[in-house]
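A closer look at the structure
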Amino acid sequence: MHPSAKIFVAGHRGLVGSAIVRNLNSRGFTNIVGRPRAELDLLDQSAVRRFFESEKPEYVFLAAAKVGGIYANNTYPAEFIYENLVPQANVIHASYETRVKKLLFLGSSCIYPRMAPQPMREEFLLDGKLEPTNEPYAVAKIAGIKMCQAYNRQYGTKYISVMPTNLYGPNDNFDLKNAHVLPALIRKFVEAKESNVPFVEVWGSGSPRREFLHVDDCADACVHLMLSYDESEIVNIGVGSDVSIKELALLVKSTVGYVGELRFDTSKPDGTPRKLLDVSKLEKLGWKATIPLETGLRSAVEWYLKNR
Ligand code: GFB
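So, here's what we can say about the structure. This structure is a prediction, so every number in the text was calculated from the model and none was measured. (Residues numbered from 1 in each chain as written. Predicted model: local features only at pLDDT ≥ 70, side-chain atom pairs only at ≥ 80, totals over all residues. Heavy atoms only, no water.)

Examining unusual backbone geometry
- Look at the link from Q118 to P119: it is a cis peptide, with omega at -10°.
- Relative to the helices and strands, P119 is located in the loop between strand 4 (102–106) and helix 5 (135–155).
- The phi torsion at K56 lies on the positive side, around 50°, for a residue other than glycine.
- Its location among the elements puts K56 in the loop between helix 2 (45–55) and strand 3 (59–62).
- Unlike most non-glycine residues, N196 shows phi in positive territory, near 50°.
- When you line up the elements, N196 lands in the loop between helix 6 (181–194) and strand 7 (199–203). (Helix = DSSP H or I, 4+ residues; strand = E, 2+ residues; numbered from the N terminus.)

Structure below.
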């Protein structure tokens, strides 16, 4: 990518998109295009096509997605399938029609089977049944991967797909019902500390294990792969280690400086028992995560306190 190449970041205000914009800026890319939803509705196929025809981006990061934690995924399955399938299909097809040079599609670690052997390798895709709490989201993401691969095979395009693990960082969603676990716990512990509440409720049993990657690391890996990877096969983006939800809760508790108790609400779902990515392919491609969870968590707490 030339420093002045026109790069469209779809979802440039979201957790991942905004981190990709920061990363591109820091690497000296100067011609980055983004459109807020009010100006470009990615659900509208004609509008997307018109945008690509007039702007003619050369590179596309497809980071626009409907995302949420376990409660949101489980409560709004129709929105999660529709609002992922349609925008990604519109952007991928418009990229093909306007001869975009390269596109990077962001998937998710939930595309792997619920009971996949751990850590999960790229070839486990479509090897078993999905986790029911986020199946519609996962099916949409799998369709995105397959669409990129189909276009590459039939049309000779260069569309790559990456599978990040659970992400956190600036511009995360801290809405308690719809958030992922890490931002939800930050907010719960901060508010409990401020109002001297004696306990914090943690959903589920606390035993599921998750891997957490700072979004600045994720963005750096995405740009690294955009610059150096050209194959159709998916690539995992993770840190290669995980923690239990109980361990995470204790870490957030001590980072925030809360002194009360944890209470596990086992009426809430646990979701997938474990989700840890095998990152050996990414490491062979020359990239490794650099932000330890403790450091990333401290900066996420600071960000929340400043920006809530
Ligand atoms: O992050 P999370 O919502 O989603 O939940 P998934 C991870 C685990 O944390 C689950 C527990 O076992 C939750 O029950 N948990 C504990 C909490 N306390 C809380 C809380 O206050 N809020 C939340 N949200 N969880 C998502 C998928 O799955 O992972 C998405 O639904 C996406 O599709 C994303 O793939 C990466 O990790 O279970």
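Some remarks on the state of the cysteines
- Enumeration according to the criterion identifies zero disulfides in this entry.
- Free of any disulfide, C218 has its nearest cysteine sulfur in C222, 4.2 Å distant.
- Taking relative accessible area as the criterion, C218 reaches 0% and is therefore assigned buried. (Disulfide = S-S within 2.5 Å. Buried < 20%, exposed > 50% of the residue type's maximum accessible area, 1.4 Å probe, protein only.)

Looking at the pattern of salt bridges
- As enumerated under the stated definition, the model contains 18 salt bridges in all.
- The salt bridge partner of E283 is K288, with a shortest N-O separation of 3.6 Å.
- For E283, a relative accessible area of 36% gives the class partly exposed.
- Using a relative accessible area of 55% as the deciding quantity, one classes K288 as exposed.
- Among the ionic contacts, a cluster of salt bridges with common partners joins R209, D242, E247 and R274. (Salt bridge = Lys/Arg side-chain N within 4 Å of Asp/Glu carboxyl O.)

Focus: the environment of V197
- Relative to the helices and strands, V197 resides in the loop between helix 6 and strand 7.
- With a relative accessible area of 33%, V197 lands in the partly exposed category.
- Between the C-alpha atoms of V197 and Y59, which are 138 residues apart in sequence, the distance is 49 Å.
- Apart from the residues lying within four places of it in its own chain, the contact partners of V197 are A192 and Y258. (Contact = heavy atoms within 4.5 Å.)

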